[in-house]
Each structure stands twice: as structure tokens, then as C-alpha cells.
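This is what each chain is made of:
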Amino acid sequence: MKHLLKEIRHNPLLWLLAVVPVLFTAQKLKPEAHTLLFVLSVLTIVPLAALLSHATESVAAKTGDAVGGLLNATLGNLTELVIALTALRAGQYMLVKASIAGAIVTNTLFMLGASFLLGGLKHHVQEYNRVNARVQAGLLFLATVALLVPSAISEADSTAGAAFTQKLSVGLSLLLIVAYGLGMLFSLKTHRELFASADTGEAGEAAWPMGLALATLAGVTVLVALVSEVFVESVQKAAEAFGMSQAFVGFIVVALVGGAAEMASAFSGARKNRLDLSVGIALGSASQIALFVAPVLVLLSYLLGPTPMNLQFWPGAVGMMLIATLTASLVTNSGRSAWFVGVLLLMVYLVFAMALYLLPPRAS
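Figured I'd write up the structure that's included with this text. This is a predicted model, so every value here is computed, not measured.

Some words on the overall build of the chain
Then step 1. Helix and strand content of the chain: 13 helices and two strands.
Then step 2. When the 364 residues of the chain are sorted by exposure, 53% land in the buried category.
Then step 3. Of all intrachain contacts in the chain linking residues separated by at least 6 positions in sequence, the fraction that spans at least 24 positions is 86%.
Then step 4. With an accessible surface of roughly 15600 Å², the chain has 69% of that area assigned to carbon and sulfur atoms.

Below you can see the structure in the form of C-alpha cells.
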């Protein structure tokens, strides 16, 4: 515990952990204060993300950046999954689909772009494993094509009814899950030598013992899940108070808050010149959401939702995901990065955010 207490004492960001009991107290005493609960839940996720970042880096120091990035992406996506499941039970499918599309675009453009920018401001040129980035981008492109098909068919063929779209969504979900499993087998088993990290990282702080790191990961993950419940309950009313649409909330707000833990680790890795970890988290998380989280939500909707959910997104979301995937494939082609590459990715993301805020899609 002395390692954990020392980290809390020396990191002012972790002092926000004091907000955790305040949040749960406010939830009990004033459950109708949605705007207050929304702000408190965001403030609570920030220090939890910092703790998750440090614990994940400690695990990555022992397991390597490839496994560390996968672990961080998995734990980070647990937040998005909890938020989406809560909205799924309530039948808010627009929020679920917006959060899925937003998480893919946010991780691919915002997280990756900010990592390139922050790392590039400290280091002139950074290098990373191009094979890992290309494989993750390829998986993401496959998922985007699968998500494009139901929307394209429904737009082009008016005879394609809801029953056809639903059957197609279930079939595509199973294919995507299989593709994700095969991708894991390829990168972690049969060809793992291709995914070795470039030895360019700085010598940072001493890593936590593995037991403390794993215990922190487990504890923080549970807390993030509990806070996410409060966040989902308050986000809709708070969005109305701030004049935001449901699609903007899911696409931008939920994606940014839900990915806070992953972003903290990705940004820290980039600053320490461990760009393989940052790229693995950003693209690995996006491909995991597209290939695993979205299909699982479709299958779970048969058990939890009021009606089954399909993979038919509104055209704007499909276009944004496709452009984000192609942009990531383009910028990761060389295996080298500088700060201006990050600026380009962030600009594409800001274009999407501005368009979505000013012209939200029709609710369906």
C-alpha cells in the first residue's frame, strides 16, 4: 500500500479521489440533481483514470507494450460497455449506437492524434511498430465495412425490411466476433514476434509490484463501473440543460468520459516515448469496440433490451467511422510520427464534432 499512498501524495490529480464519496452521497441525498451528478461523475472518473493509467503501465512494464495496450483497451472499454448496457436496458438505442460510433472515432482520431501531438512536442520524431498499427487499422476497416452494409442495403433497397436487417445484423455480429478472436490469435500467439515494441522508451518511475497493480486495476474498474451508472442516469437531463442532442452526448461526451482511463495511459506513454503503447491503446480500443463490443451489444439486446437492436447506423455516423479508419490507415503507414501529424488527426475530429453539434441527425 505504501506505493499507492506515495503516488496519491505526490500526484495532485489523485486528490480528486475525495470526490468519490461526495458523488455517492449526493446520489443518495439528491438523486434529482442531474447536472450536479453529471459534473461530479466526470470529476470522479478523472482520478480513477490516472490510477488505472499507472497500474496499467506497471503491468505493461512486465508483459510488454502489446499485451499492456490490449489490457488497457479491454479495461477502458469496460466503461463504454457498462454505459451502453445501461442505455440498452432503457431502450435508448440512439444513445447506444452514438456511443459505439463515437468511441471508434474518438479513439481513432482524438486519442491517437493527441498522443502524436503530446509525444511530438517533447520528442522531435517518434517511431512505433508499423505492423501492429497496420493490423489494427485493417481490423478496424473490416468492422467499418460490416457496419456500413446494413445501412447501405436499407438505403439502396426499399424492400429490405426490419426482419432482414435484424438477421443480417446477427450474422455480421457473429462474423466480427470470430474475426476479433482470430486477430488476437495472430497478434498474441502465431506471429507475436512481429508486434515487438521498439526499444525507445524512457526510463520512468519504478513500476508497482504486479500484485498491487492487478489489485488496483480490479478495484478501479469496479469503481468506474459504479460511477458510470450514475453518469448514465444523469447525462440525459444534464444534456438538455446544456443544450446538447442525444447523438452528440453519445458520440462526443460519453466517448470522451468513457475513454478517460485509456487516454491517460496513451498520453503518458507518448510523453515517455513509448508510442507503441499509445498506438496499441488507441487503435486496439477502437477495433475492440467495433469487432467485439458492438456485436456483443446486438446479441445482448435479445436478452436485455425491450426490442432487438441492429447494426444499422445513421449515414453520418457510418461516414465518420469510415473516414476515421481511412485517416488512421494513412497516417500510420510510415511508422514514424511528429507533432503536426497529431494536429491533422485532431482537426478531422473537431470537424466531426462541430458538424454533429450544429446539425444532429434525426432520432430513429
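What to know about helix α5 (residues 93–122)
Then step 1. The terminal C-alpha atoms of α5 lie 42 Å apart, and with 30 residues this matches the ideal 44 Å at 1.5 Å per residue to within 8%.
Then step 2. Along α5, the sharpest change in direction is near 40 degrees and occurs at T106.
Then step 3. Taking burial as the measure, the 30 residues of α5 include 25 buried ones, the bulk of the element.

Comments concerning the nonpolar core
Then step 1. In this structure, V105, F231, L297 and F313 are the most contacted members of the largest nonpolar core, which totals 105 residues.
Then step 2. Considering every element that reaches this core, the biggest residue donor is α5, with 15 residues.
Then step 3. Every residue in contact with F231, bar those within four places of it in the chain, is listed here: F38, S41, V42, I83, V253, V254 and V257.

Description of the packing of aromatic side chains
Then step 1. Per the counting criterion, the structure on display carries six aromatic pairs.
Then step 2. Summarising the aromatic geometry, the rings of F116 and Y128 are spaced 5.8 Å apart at their centres and angled 25 degrees between planes, so their arrangement reads as stacked. Highlighted residues: F116 in helix α5 and Y128 in the loop between β1 (126–127) and α6 (130–156), separated in sequence by twelve residues.
Then step 3. Residue classification places F116 among the buried residues on the basis of a relative accessible area of 1%.
Then step 4. Taking relative accessible area as the criterion, Y128 reaches 5% and is therefore assigned buried.
Then step 5. On the basis of an interplanar angle of 70 degrees and a centroid distance of 5.0 Å, the ring pair of F248 and Y357 is categorised as edge-to-face. Taken as a pair, F248 in helix α9 (residues 246–258) and Y357 in helix α13 (residues 339–358) lie far apart in primary sequence, 109 residues in all.

Some words on helix α7 (residues 162–190)
Then step 1. Compared with an ideal rise of 1.5 Å per residue, which puts 29 residues at 42 Å, α7 spans 40 Å between its outermost C-alpha atoms and is within 8% of the ideal.
Then step 2. Among the residues making up α7, those that are buried are T165, Q166, S169, L172, S173, L176, A179, Y180, G183 and S187.

Observations regarding the environment of L121
Then step 1. Positionally, L121 belongs in helix α5.
Then step 2. The spatial distance from the C-alpha of L121 to the C-alpha of A270 is 9.9 Å, given a sequence separation of 149 residues.
Then step 3. Every residue in contact with L121, bar those within four places of it in the chain, is listed here: R271 and W339.

Side note on the side chain of T327
Then step 1. Within the fold, T327 resides in helix α12 (residues 315–331).
Then step 2. The exposure class assigned to T327 is buried, which follows from its relative accessible area of 17%.
Then step 3. Ignoring anything within four residues of it in the chain, the contact list for T327 reads L109 and L345.

Notes on the environment of T106
Then step 1. Here T106 shows up in helix α5.
Then step 2. On the basis of relative accessibility, which here comes to 0%, the residue T106 falls in the buried class.
Then step 3. Sequence separation between T106 and A282 is 176 residues, and the spatial gap between their C-alpha atoms is 8.8 Å.
Then step 4. Setting aside residues up to four positions removed in sequence, T106 forms contacts with M111, F251, A255, L256, M263 and Y349.

About the thresholds
- Residues numbered from 1 in each chain as written.
- Predicted model: local features only at pLDDT ≥ 70, side-chain atom pairs only at ≥ 80, totals over all residues.
- Heavy atoms only, no water.
- Helix = DSSP H or I, 4+ residues; strand = E, 2+ residues; numbered from the N terminus.
- Buried < 20%, exposed > 50% of the residue type's maximum accessible area, 1.4 Å probe, protein only.
- Contact = heavy atoms within 4.5 Å.
- Areas by Shrake-Rupley, 256 points an atom, 1.4 Å probe, with all protein chains shown as cover.
- Expected span 1.5 Å × (residues − 1).
- Bend = angle between axes of the 7 residues up to and from the residue.
- Core = buried A, V, L, I, M, F, W, Y, C linked by side-chain atoms within 4.5 Å.
- Phe/Tyr/Trp six-rings, centres within 6.5 Å; stacked < 30°, edge-to-face > 60°.

Treat this as a map of the structure, not an account of what it does.
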